[in-house]
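These are the residues of each chain, in order.
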Amino acid sequence: MSEDGNRGLLSIGIFLIIMVISIILYEPLHLIDWHLILPLILALYGCWTIGLAGIRASNPHKYERGPFSTFALGLILIAVGGAWFVSSVSWIYSLVIILVAPAVLAIAAALKRK
């Protein structure tokens, strides 16, 4: 199997583990409400996407999405999922998360080396 196929299979496995974690936090432990499962999945998968960006940075391919693009996608997933998740607490925290995400992305773009 190719390396891209292995990464795809790894991402599917991580996604399934994230779903299991979300279900466990909801049903037996009752730590989150049912309407917070999807934002938790988005935020945790965003964390995986940032990890995947690190993997891509160490071994880039010619016609593949770049590691910075993958990092940006992961950051956006974390921001959207995190803002949605904390909107049940306060909309101010959601606004802070949405405003911090582009700031972190701008800093990362400014520090990016070619």
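As a reminder, the structure under discussion sits directly above these lines.
For the structure given in this document, a descriptive report is provided here. All values reported here derive from a predicted model rather than from experimental measurement.

**Notes on the packing of aromatic side chains**
Tallied over the entire structure, the rule returns 2 aromatic pairs. Ring centres of Phe-15 and Tyr-45 lie 5.7 Å apart, and the angle between their planes is 85 degrees; this geometry places the pair in the edge-to-face category. Of the two residues, Phe-15 is situated in helix H1 (residues 3-26) and Tyr-45 in helix H2 (residues 37-58); the sequence distance between them amounts to 30 residues. Here Phe-68 and Phe-71 contribute two aromatic rings whose centre-to-centre distance is 6.4 Å and whose plane-to-plane angle is 35 degrees, an arrangement assigned as tilted. In this pair, Phe-68 and Phe-71 both sit in helix H3 (residues 67-86), 3 residues apart, roughly one turn of the helix. A residue is classified by how much of its surface remains accessible, and Phe-71, at 21% relative accessible area, is partly exposed. The aromatic ring of Phe-68 is capped on one face by Lys-112, whose charged end is 4.7 Å from the ring centroid.

**Overview of a nonpolar patch on the surface**
Among the surface-exposed residues, Val-89, Trp-91, Ile-92, Tyr-93, Leu-95, Val-96, Leu-99, Val-100 and Val-104 lie close enough to one another that they form a single nonpolar patch of about 890 Å² accessible area. Position of Ile-92 relative to the elements: it lies in helix H4 (residues 91-111).

**Digging into the packing of H3 against H4**
In the contact formed by H3 and H4, the axes pass within 8 Å of each other and the chain directions differ by 170 degrees. What the angle tells us is that H3 and H4 run roughly antiparallel. Contacts between H3 and H4 pair Phe-68, Phe-71, Ala-72, Leu-75, Ala-79, Gly-82, Ala-83 and Val-86 from the former with Tyr-93, Ser-94, Ile-97, Ile-98, Ala-101, Val-104, Leu-105, Ala-108 and Ala-109 from the latter. Residue classes in the contact of H3 with H4 are distributed as 15 nonpolar, 2 polar and no charged.

Reading the values: rules and limits
Sequence order as written defines the numbering, with residues in each chain counted from 1. Given that this is a predicted model, residues contribute local features only at a pLDDT of at least 70 and side-chain atom pairs are listed and counted only at 80 or more, while totals for whole chains, interfaces and linings are drawn from all residues. Think of the side-chain values as coming from all heavy atoms in the structure, minus any hydrogens and water. Note on aromatic contacts: the rings of Phe and Tyr and the six-membered ring of Trp form a pair at centre separations within 6.5 Å, being stacked when their planes are under 30 degrees apart, edge-to-face when over 60 apart, and tilted otherwise. Labels follow the DSSP assignment, with helices taken as runs of H or I lasting at least four residues and strands as runs of E lasting at least two, numbered in each case from the N terminus. Only protein chains enter the accessibility calculation, which uses a 1.4 Å probe; a residue whose area is less than 20% of its type maximum is buried, one above 50% is exposed, and one in between is partly exposed. Whether a charge sits over a ring comes down to the Lys NZ or Arg CZ being within 6 Å of the ring centre and within 35 degrees of the ring normal. Patches in this entry comprise residues that are over 30% relatively accessible and not in a salt bridge; like charges within 9 Å are linked, as are nonpolar side chains (Val, Leu, Ile, Met, Phe, Trp, Tyr) within 5 Å. For every accessible area listed, the method is Shrake-Rupley and the probe measures 1.4 Å; residues are considered covered only by the protein chains on display. For this analysis, a salt bridge means a side-chain nitrogen from Lys or Arg found within 4 Å of a carboxyl oxygen belonging to Asp or Glu. Note on geometry: axes are C-alpha line fits, over the in-contact stretch for helices, and angles between N-to-C directions span 0 to 180 degrees. Angles are sorted into four bins: roughly parallel if under 35 degrees, roughly antiparallel if over 145, roughly perpendicular if 65 to 115, and oblique for all others. Whether two residues touch is decided by their heavy atoms; if any such pair falls within 4.5 Å, the residues are in contact. Residues are grouped as follows: nonpolar covers Ala, Val, Leu, Ile, Met, Phe, Trp, Tyr, Cys and Pro; charged covers Asp, Glu, Lys and Arg; every other residue, Gly included, is treated as polar.

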